[in-house]
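Residue strings, one per chain:
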Amino acid sequence: MGVASWRAVAGLAGVAVAVGATGCTTKAKPIIPTPVVSESSTSAAPTAAPTPTVVAASTSASVSASPSAPVLPAGCSQLLPLGTLEGILGFGILGQVNYLKAAPVPQSGRTGRVTCTYGTAPGAAAPTAPTPTPTSTVKPTGKPTASPTPTPLVQVSYITYVDASTAAGRVQTTIEADGTSADVSNVSVSGKAAFVLIGPTFSELVMSDLARTIVVELSPTLVTADKAPAALEAIAAAMLRFGVAPAGSASPSAGGSG
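Bear in mind the structure is a predicted one, so any value in this text is a computation, not a measurement. Chains are numbered independently. Their residues run from 1 in the order of the written sequence. Only residues with pLDDT of 70 or above have their local features reported here, since the model is predicted, and side-chain atom pairs are shown and tallied only from 80 upward, although totals for entire chains, interfaces and linings are computed over all residues. Side-chain numbers come from the whole structure's heavy atoms, not from hydrogens or water.

Student: Mind showing me how you'd approach the sheet that holds strand β4 (residues 183–189) here?
Tutor: The strands making up a sheet associate through hydrogen bonds between their backbones, and the pairing can be parallel or antiparallel. Pairing is antiparallel in the open sheet, where seven strands are placed in the order β1-β2-β3-β7-β6-β5-β4. The open sheet has two edge strands with one neighbour each: β1 (97–102) and β4. Direction aside, neighbouring strands of the sheet carry axes that sit 15° apart on average. At least two DSSP bridges between two strands are needed for those strands to be called paired. Elements are defined by DSSP. Helices are runs of H or I of four residues or more, strands are runs of E of two residues or more, and each kind is numbered from the N terminus. Here four bridges tie strand β5 (residues 192–198) to strand β6 (residues 203–209), and the two strands are oriented antiparallel to one another. Its bridge partner lying in β6, I198 is registered against S203. Along the sheet face, helix α7 (residues 228–240) touches β3 (152–161), β4, β5, β6 and β7 (212–218) and points at about 140° away from the line of β7. Interaxial angle, 0 to 180 degrees, is taken between N-to-C directions of lines fitted to C-alpha atoms, where a helix line uses only the stretch in contact. In what follows, residue pairs with any heavy atoms lying within 4.5 Å of each other are defined as contacts.

Have a look at this one:
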């Protein structure tokens, strides 16, 4: 083989080596980044997953913290049995015992309400069905000022709210409204602050305890103004016992409408 031929063969061999090297380099480049990009995308998905998890946890917490289904008396015998009321007053009460469970009022923060009435004022026809005196959302109590419903001798209400501050605010609203026609005094019921309002046509006690309020109203035909404060306080103290579960009990047991 001549020198020219040898150079020609060597040149072709060099081109072949260069082409082979170039081919390996070209294949190596797409292989390396491809799995890296894929793994990066896959690993990024779990990182974004906590977003819906956090939202779900937040929603669950708000639902559990909201007293949308508060514990309410299932009957007047749970809240204030007739025998207990008569024992406090020292005499019996004639007439019906009526029970009403009212709906929540989101505008005022009220989550539940139970009202019980006992007896009717002398000369008034007895109600034929359990009818509530109040439907007002302005205050936790309500007087039969514009209602044809016969005035009960005793009316008590147990009301729950979204929180303690809302309950206390409703008490203040009641005092401001009813206090315009009554003498207001500060009293204590089971060590908790309460307010007694004595007016010409009603005697009333209103108080809050945590996220609930207690309202007691007595007809002046039943208890005179001088004896009303003591009776109101004793009745409220009896009502406060509801919702305080005895040892070993998760919640008050269900009872009749009393």
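Student: Even after reading the chapter, I still don't get the nonpolar core, so can you show me in this structure?
Tutor: Across soluble globular proteins, you tend to see nonpolar side chains buried next to one another. Counting 37 residues, the largest nonpolar core has V154, V156, L205 and V216 as the members making the most contacts within it. In terms of residue count, α7 provides more of this core than any other element does, nine residues in total. In these notes, a set of buried Ala, Val, Leu, Ile, Met, Phe, Trp, Tyr and Cys residues joined through side-chain atoms within 4.5 Å is what counts as a nonpolar core. The cut-offs for exposure are 20% and 50% of the maximum accessible area for each residue type, with area from a 1.4 Å probe on protein chains only; residues under the lower value are buried, those over the upper are exposed, and the others partly exposed. Formed by ten residues, the second largest nonpolar core is a distinct cluster that contains I159, V171, I175 and A182.

Student: When you look at the confidence of the model for the protein chain in this model, what are you seeing that I'm missing?
Tutor: Interpretation of this model should avoid reading the predicted coordinates in detail wherever pLDDT is low. Per-residue pLDDT for the protein chain averages 72, and the proportion of residues at 70 or more is 57%. By definition, pLDDT measures how confident the predictor is in each residue, and it falls between 0 and 100. Contacts from residues 125–142, a stretch scored under 50 in pLDDT, to residues over four places away or in other chains number 48 contacts.

Student: How do you make sense of the state of the cysteines when you look at a structure like this?
Tutor: Among covalent bonds in proteins, the disulfide is the one between the sulfur atoms of two cysteines. Here, a disulfide means two cysteine sulfur atoms that sit within 2.5 Å of each other. Going through the model one piece at a time under the given rule, you end up with one disulfide. The residue that forms a disulfide with C76 is C116, at a sulfur-sulfur distance of 2.2 Å. Handedness here is read from the sign of the S-S torsion; for C76 and C116, about -105°, the answer is left-handed. Here C76 is found in helix α4 (residues 76–79), whereas its partner C116 is found in strand β2 (residues 110–120), with 40 residues between them in sequence.

Student: Just to check I follow, could you spell out the environment of T160 for this structure?
Tutor: With respect to the element layout, T160 can be found in strand β3. Relative accessible area serves as the criterion here: at 7%, T160 is assigned to the buried category. Linking T160 and I214, residues 54 residues apart in sequence, is a C-alpha distance of 9.1 Å. With residues up to four places along the chain from it excluded, the contact list for T160 reads P70, V71, L72, G109, R110, T111, G112, A211 and R212. Pairs of N or O atoms within 3.5 Å make up the polar contacts considered here, provided that, within protein, one atom can donate a hydrogen while the other can accept it, and that residues adjacent in sequence are counted only when both atoms are side-chain atoms. Separated by 2.8 Å, the side chains of T160 and T111 make a polar contact.

Student: What should I look at first to understand the packing of aromatic side chains in this one?
Tutor: We describe a pair of aromatic rings using the distance from one ring centre to the other and the angle between the two ring planes. Note on aromatic contacts: the rings of Phe and Tyr and the six-membered ring of Trp form a pair at centre separations within 6.5 Å, being stacked when their planes are under 30 degrees apart, edge-to-face when over 60 apart, and tilted otherwise. Enumeration according to the criterion identifies one aromatic pair in this entry. Judged by centre distance (5.2 Å) and plane angle (90°), the ring pair of Y158 and F242 falls under edge-to-face. Taken together, the residues Y158 in strand β3 and F242 in the segment after α7 connect sequence positions 84 residues apart. Residue class for F242 comes out buried when judged on its relative accessible area of 5%.

Student: Looking at this model, I keep getting lost on the pattern of salt bridges. Mind explaining?
Tutor: Side chains bearing opposite charge may pair, as long as their charged atoms lie close to each other. Within this document, salt bridges are pairs made up of a side-chain nitrogen of Lys or Arg and a carboxyl oxygen of Asp or Glu, the two lying within 4 Å of each other. Counting across every chain of the model gives two salt bridges. Note that D209 is salt-bridged to K192, the shortest N-O span being 3.2 Å. A residue pair is termed long-range when its members are at least 10 positions apart, and D209 in strand β6 and K192 in strand β5 qualify at 17 residues. Judged by relative accessible area, which is 10%, D209 ranks as buried. What makes K192 partly exposed here is its relative accessible area of 31%. Between D209 and R212 there is a salt bridge, with its nearest N and O atoms 2.7 Å apart. For R212, a relative accessible area of 10% corresponds to the buried category.

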